[in-house]
Amino acid sequence: MPEDTSRWTPGATSIVGVGATDFSRSSGRSPLTLAVQATRAALADAGVDPRDVDGIVRCDMDLVSGPALADSLGARDLTYWGEAGPGGSGPAAMVAQAAAAVSAGLASTVVVFRALNGRSGNRYGLVGERGAVGGDGSYDEFFLPFGMQTAGQFFAVVARRYAHEHGMSVDKLSEGLASIALAGRAHANNNPAAQFHDRTMTREDYFASRMLSDPLRLFDYCLETDGACAVVVTSTERARDLAGGAVPIVSAAQGTGPGVQPGLMFPALLRPSTTSWPSAATAPTLFGRAGVSAADIDVAQVYDCFTITTLIQLEDYGFVPRGQAAHLGEADLTLGGRLPINTSGGHLSEAYIHGMNHVVEGVRQMRGTSTNQVTGAELCLVTSAPPPGASALILGVDR
């Protein structure tokens, strides 16, 4: 691992406002309208006039441009705009980019947002004009002729490989995946904003759900959601003068690990390991910049487009040894457990806003306002994955 020569200053910037729309299967609104609604909510939470926004960071897959959002908000002048990705590996990097812009003096008030009609609009995995993978000259094209076109198919291969590498049966792996799904559902049942707020789930329900890409079942998959989330980033010094509760960004990091490869989903299958990801390369930098370790993290929002994604990251970030995450039970991952995760319900049971709802929930945990509040929590990990890259944040409590 190369020496970290960055000049990251822990806590110099803060998230001071968060906002979200309702989460649904059919919003009846354009992504721009959703972005504006979430951003206005975040600005109101922060006590910031929309005209004072001078920076915007978007996901590279968002249909809403920075200038379009700025115009709709009535921002007077953008001095910085940027984007990060790809896809789900981007949200923590988007916040880090906003923090870097503020620290460098390129902007003072930066909005970070993600808006999508992920159910009623373009849907992942569809082949045809409403969304297809490939055609971009990346390694994805090597897999398409063999019918491997969706993320679910890719992660099923990862899950099978994980079981093989660690000498466990697929049934044993599925027990561990069920625990992750059940933890998210339990938290969603306490969160009125979650899409699955009123849908309880037992372990029997999990195993009775239909197999979609063996060994992944229906409840191993994230939701498809229409909605948007936004946060406001500024200097911590300024944040303390605003109405919103400042949540310092203690650390931020990105990483690809060795063997960087192009493509949206499938490059991980061409890496030396399919069961350890760029998150493993990102973790030492992230914890090193904060001067903490995995043992210091009180709560985590772990990217969960699929249950296996979360399981691998729990090992990559050092919460459990390799091959041990599948042995965690639901009680380990819910309130009162060794590491409560995805306390809003996560992508599996709250909504899939491509990682941004995890950032919003991380802020709420550090403010003490989560619907599943971890008592005394002082550090929250927020991860963005999977390959071809990873990014992560550590959020803290303002003192």
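Here, the structure is the one placed above.
What this report covers is the structure whose coordinates are included nearby. This one's a predicted model, so the numbers in the text were calculated from it and none came from an experiment.

What counts, and at which threshold
Residues numbered from 1 in each chain as written. Predicted model: local features only at pLDDT ≥ 70, side-chain atom pairs only at ≥ 80, totals over all residues. Heavy atoms only, no water. Pairing = 2+ DSSP bridges. Helix = DSSP H or I, 4+ residues; strand = E, 2+ residues; numbered from the N terminus. Axes fitted to C-alpha atoms, helices over the stretch in contact; angles between N-to-C directions. Contact = heavy atoms within 4.5 Å. Buried < 20%, exposed > 50% of the residue type's maximum accessible area, 1.4 Å probe, protein only.

Okay, the sheet that holds strand β10 (residues 379–384) next. Taken in spatial order, the 9 strands make up an open sheet running β3-β2-β4-β7-β1-β8-β11-β10-β9, and their pairing is mixed. Of all the strands in the sheet, just β3 (80–84) and β9 (299–301) have a single pairing partner and so form its edges. Neighbouring strand axes in the sheet, compared pairwise and without regard to direction, differ in orientation by 30° on average. Relative to strand β4 (residues 110–117), strand β2 (residues 55–59) runs parallel, the two being bridged by 4 bridges. For Ile56, the partnering residue across the bridge sits in β4 and is Val111. Across the face of the sheet, helix α2 (residues 66–73) comes into contact with β2 and β4 while running at roughly 130° to β2.

So, on to the pairing of β4. Burial within β4 is extensive, with 8 of its 8 residues counted as buried. Here β4 shows two buried faces, one formed by Val110, Val112, Arg114 and Leu116 and the other by Val111, Phe113, Ala115 and Asn117. Judged from the 8 bridges that link them, β4 and strand β7 (residues 226–235) form a sheet pairing that is antiparallel. Across the sheet, residue Val111 finds its bridge partner in β7, namely Val232.

A few words on unusual backbone geometry. Note: most peptide bonds trans; most residues except glycine with negative phi. Going from Gly85 to Pro86, the amide bond is cis rather than trans, its omega being 0°. On the secondary structure map, Pro86 appears in the loop between β3 and α3 (91–103). Residue Pro386 is bonded to the preceding Ala385 through a cis peptide linkage, with omega at 0°. Considering the arrangement of structural elements, one finds Pro386 in the loop between β10 and β11 (390–396). A positive phi angle, near 50°, is found at Asn342, a position not held by glycine. The topology assignment puts Asn342 in the loop between α10 (330–333) and α11 (346–349). A relative accessible area of 2% means that Asn342 is categorised as buried. Even without glycine at this site, His354 takes up a positive phi of about 55°.

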